[in-house]
Every structure is written in C-alpha cells, then in structure tokens.
Amino acid sequence: MKVLYKIAAAVLAFASAVSCDEFGPVFTGEYPQPGEYEKVQMTATHTIAELVAMYKVENPMKIKDDIVIAGKVSTSDRTGNFYRSFYIQDETGGIEIKIGKTGLYNDYKPGQTVYVKCQDLTLGMYGYKSGNYGGNGMVQLGYEDPDGNYETAYLDVSSIIDRHIFRGEFGAPVEPEVITESQLPGKSDTQATNKYVGSLVTLKGLRYADQVFALLYVDSNKDTKLSSNRVFLSDKTHGITTWAMSKAKYKEYLSSGVWDDVKLGNANDQNYGTVAENKEQLLKNTSAYSVSQYFTMGNTEIQIRTSGYSRFADTEIDPAVLDGSKTIDVTGVITMYQGSIQFTLIDISGVKISE
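The residue numbers shown here count from 1 along each chain, following its written sequence. Totals for whole chains, interfaces and linings use every residue, but because this is a predicted model, local features are given only for residues with pLDDT of at least 70 and side-chain atom pairs only at 80 or more, for both listing and counting. Neither water nor hydrogens contribute to the side-chain values; these are computed over all heavy atoms in the structure.

Draft legend 1. View of unusual backbone geometry. Phi is positive for Arg84, close to 60 degrees, though the residue is something other than glycine. A run of H or I in DSSP counts as a helix once it spans at least four residues, and a run of E counts as a strand once it spans at least two, with each numbered from the N terminus. Within the fold, Arg84 resides in the loop between strand E2 (68-73) and strand E3 (86-90). Located in the positive-phi region is Asp210, a residue other than glycine, with phi close to 60 degrees. Note that Asp210 resides in strand E10 (residues 200-217).

This is the structure in structure tokens:
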C-alpha cells in the first residue's frame, strides 16, 4: 500500500501545478452590512446532476437553453479556504459557481437558496487528466474563458452576475451526510454519477498517510511552469505538520533546513541544484502555499487540501494523528482532481479527533 501512495504522489507531482494556483488571499474581515435585496423564487428546470450530465469531457459547453438550477449554499469563504466561488447543492449533488469576487459570505450565506439562470453560461471541467493515472476533475459553472486557458472563467462583472445569479430565501444550513468508503466517488465520477461529488459530507476514521504535496516557486513572478522555478514536496511529510503554510510559516520551514536536500525541477528535469543552493532566492520571494495532507479512508486515499491564505493554515495537526495513534473525522466538500479525491474544509471546526 505504501508503494501505491508513493507512485500516486510522484504522478501528481507531474501535473498538479494548476491545482496549486487556485487559492489566493481572501478578505476575511467584516464588510459593511449589505442592503436589503428582493428574495426571488423560481422553479428549477433541471437538477444539478441533470445539468452536469450534459457535459462531455474536454468539451466545455456554452449553455444555449433556458435552464434554471437551484440549490442551497453549502460553503463559505469567510475563513479563506474557498476563493472567488461558492458551492450550491440539491438532492443530486453540488456544483461550484465561479463568481470571481471575494467576501462572498456577505451575500451568499450557508443555507440560502440560490437560483442560477444558466443560459449563456459555460459548463466546464477543472482538473481533468487523461490516461491510466488520471481521471475526472470537477464540473463547474462559470463564464466562457476568452483566452481558452481554462474551460470556464469567472463571472466577475456585476451586470453579468445579476443576470444569472439570484438569491432566494434563507433556510436551515445544509446537513452533511456521513458517508462510507463504498460511497466515495471513483476516478471517472462526476455529479451526474455520484451525488456526493461537490457535496458537503462527513468522512470518519481517516488515518494519516505520512505524506504531503506542495508546489513551491523560486520566484512566483517568473514563469511558474519552468522546471528551474519549481520545487515539489511530495512522497513524504518533509517536516510539514500544519494544514498549509502562511508566508511566515513557509519562511520558518524553509529557514529550518528541513527541505535543504530537495532538488529543484520536475521529476525528469532536476538539474537546477537543491533548495539549500537556492535558499537566498526562495527566502527573498516568500509566499503562502497550499498543502495537500494525505489521509486514507480504508484503502482509499483522501487529499485534504488547504489554502495557505486560510485563517487556519498554520494550525498544527495533532501529534497523535501524525503518528497514527488516532484518526480524524472531517466535514467538508468532496472535490475531484485528476481522478483523485480532494477534500476541502470550510473551517478548522470540520476536523474532529476520533476517540
């Protein structure tokens, strides 16, 4: 089993660069209270699963029909672990709405019904990888990307948002469903085939897998795809005992020398020296970094991925969890990336140590 983890981590190191660029700093303070708005009520024409079923892999689809979906908001960006988007879910699954603004928790609150008029929006997938070591990513709802770099772009213009996203009544928050290993999605699943994809769930009895994944840059102002500008931390823990790394925590880890022997570059292109040899430049360009902490649920690998900009990025994982003497129960959203399960916490209260 340990060998499989190492193989998976090595494969992930080849292709996870985009996944590590999603997060950014989120304003988590208090905005002025928003004014009253007219609560709307619409009739959904499709469930989320029915909408997602229209998507074909690697073929982003601009929606031409007058389709309306509805769901309750299940996430919040208040703690900074969701960035420029929120999830809604109905009884068939959940979907990410790419709004393109921060501080969304002021307008889209957990438990609130949101209606989406989908005509002229784009249905696309983020994180797909072909081949035996790949699989599906997440089907998202956004705008057409004019640059063609991604299958969807953000709705970041107020007039466009107002034409498509409508707030309804407040209700009880979404109750996470406790699911078993057999109910977890497989590498080819989407919301159309597994209702837990994109949904708020609780997973119990996760055991630490003694490895992390993080992608660092020597200089984030330069081309982040260059091998000479990349440092992959994978295969083992690399001394990272926190859920993620703020700028201060990253600098602390880097200065400690725990990564000194790690080579720069991609798996087959590591001719750029070690972290120790490039430390001055790395320290000069400190940044917050997302980290995937690996756990197992039975025989299934779960990557709990946390933003370096989240309020709880530097929270230490309990030593009893790290040494395997205790497990954790987690509540958050199941997402997919290249056929692997990535789990996103809404806040640190979503982690409970099993007794």
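Draft legend 2. Representation of the environment of Phe343 within the structure. Structurally, the position occupied by Phe343 is in strand E15 (residues 340-345). The classification of residues rests on relative accessible area computed with a 1.4 Å probe and restricted to protein chains. Under 20% of the type maximum is buried, over 50% is exposed, and intermediate values are partly exposed. A residue is classified by how much of its surface remains accessible, and Phe343, at 0% relative accessible area, is buried. Taking C-alpha positions, Phe343 is 9.7 Å from Val201, a pair spaced 142 residues apart along the chain. In this description, contact between two residues means that some pair of their heavy atoms is separated by no more than 4.5 Å. Setting aside anything within four residues of it in sequence, one finds Phe343 in contact with Val201, Leu203, Ile302, Gln303, Ile304, Arg305, Val330, Thr331, Gly332, Val333 and Ile334.

Draft legend 3. View of the nonpolar core. Among the buried residues, those of types Ala, Val, Leu, Ile, Met, Phe, Trp, Tyr and Cys that are joined through side-chain atoms within 4.5 Å form a nonpolar core. Counting residues in each nonpolar core, the largest one holds 57 residues, and the members touching the most others are Leu203, Met245, Trp259 and Ile304. Mapped by element, the contributors of at least two residues to this core are E10, strand E11 (230-233), helix H4 (247-256), strand E12 (291-297), strand E13 (300-306), strand E14 (328-337) and E15. Excluding anything up to four places from it in sequence, Met245 contacts Ala214, Leu216, Ile240, Tyr250, Tyr253, Trp259, Ala288, Tyr289, Val291, Gly308, Ala313 and Asp314. Formed by 27 residues, the second largest nonpolar core is a distinct cluster that contains Ile48, Tyr55, Leu141 and Ile165.

Draft legend 4. Seen up close, H4. For H4, the set of buried residues is Lys249, Tyr250, Tyr253 and Leu254. Considered in projection along H4, the buried side chains sweep an arc of 135 degrees and stay on one side of the axis. For H4, the exposed residues set more than 90 degrees away from the buried face come down to Ala248 and Ser256. The inward-facing, buried residues of H4 abut E10 and helix H5 (279-284). In the stretch just after H4, Gly257 is the one whose phi turns positive, near 90 degrees. Regarding the arc, it is the one traced by the directions from the helix axis to the C-beta atoms.

Draft legend 5. How the structure looks around the packing of aromatic side chains. Note on aromatic pairs: the rings of Phe, Tyr and Trp (six-membered ring only in Trp) are paired at centre separations within 6.5 Å, and the planes decide the class, stacked below 30 degrees, edge-to-face beyond 60, tilted for the rest. One pass over the structure, following the stated rule, counts 10 aromatic pairs. Each ring, one from Tyr126 and one from Tyr150, has its centre 6.4 Å from the other, and the planes form 40 degrees; the classification is tilted. In this pair, Tyr126 is assigned in strand E6 (residues 122-126) and Tyr150 in the loop between strand E7 (138-142) and helix H3 (158-164), connecting sequence segments 24 residues apart. Residue class for Tyr126 comes out buried when judged on its relative accessible area of 11%. With a centroid separation of 5.9 Å and 20 degrees between ring planes, the pair formed by Trp243 and Phe295 is classed as stacked. On the criterion of sequence distance, the pair formed by Trp243 in the loop between E11 and H4 and Phe295 in strand E12 is long-range, its members being 52 residues apart. An identical accessibility class is assigned to Trp243 and Phe295; each is buried. Put simply, the rings of Tyr250, Tyr253, Trp259 and Tyr289 pair up and form one aromatic cluster.

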